[in-house]
Amino acid sequence: MANLGISNTHVNQFDGSKRAAKTRHKIQMAIHVVLFSAAFLFVAAIVCGIVV
């Protein structure tokens, strides 16, 4: 049989990278929500005349 070079350590690293990707996705989503909220509040403040 051919040696594909996949060992348990590689499988564990792959699982860890999946976990890291999920964490990265959560962080990016939180940043996007914060930026979108800040932009919305800024526009709302301009419309209401609070910010000139």
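Everything below is about the structure shown above.
Reading guide: rules and limits
Residues numbered from 1 in each chain as written. Predicted model: local features only at pLDDT ≥ 70, side-chain atom pairs only at ≥ 80, totals over all residues. Heavy atoms only, no water. Helix = DSSP H or I, 4+ residues; strand = E, 2+ residues; numbered from the N terminus. Buried < 20%, exposed > 50% of the residue type's maximum accessible area, 1.4 Å probe, protein only. Areas by Shrake-Rupley, 256 points an atom, 1.4 Å probe, with all protein chains shown as cover. Patch = residues over 30% accessible without salt bridge, like charges linked within 9 Å, V, L, I, M, F, W, Y side chains within 5 Å. Salt bridge = Lys/Arg side-chain N within 4 Å of Asp/Glu carboxyl O. Lys, Arg positive; Asp, Glu negative; His and termini not counted. Charge placed at Lys NZ, Arg CZ, Asp CG, Glu CD.

Visitor: Teacher, can you tell me more about the overall build of the protein here?
Guide: Within the protein, the secondary structure is distributed over one helix and zero strands. Expressed as a percentage of the 52 residues in the protein, the buried residues total 2%. For the protein, the accessible surface area stands at approximately 5,000 Å², while carbon and sulfur atoms represent 70% of it.

Visitor: What's the story with a nonpolar patch on the surface in this structure? I'm lost.
Guide: A contiguous nonpolar patch, built from F42, V43, I46 and V47 and spanning about 400 Å² of accessible area, is present on the exposed surface. Relative to the elements of secondary structure, V47 occurs in helix α1 (residues 8–48). Residue classification places V47 among the exposed residues on the basis of a relative accessible area of 68%.

Visitor: I tried to follow a positive patch on the surface on my own but got confused; where do I start?
Guide: Among the surface-exposed residues, K18, R19, K22 and K26 lie close enough to one another that they form a single positively charged patch. Relative to the elements of secondary structure, R19 occurs in helix α1. Exposure remark for R19: the relative accessible area of 57% places this residue in the exposed category.

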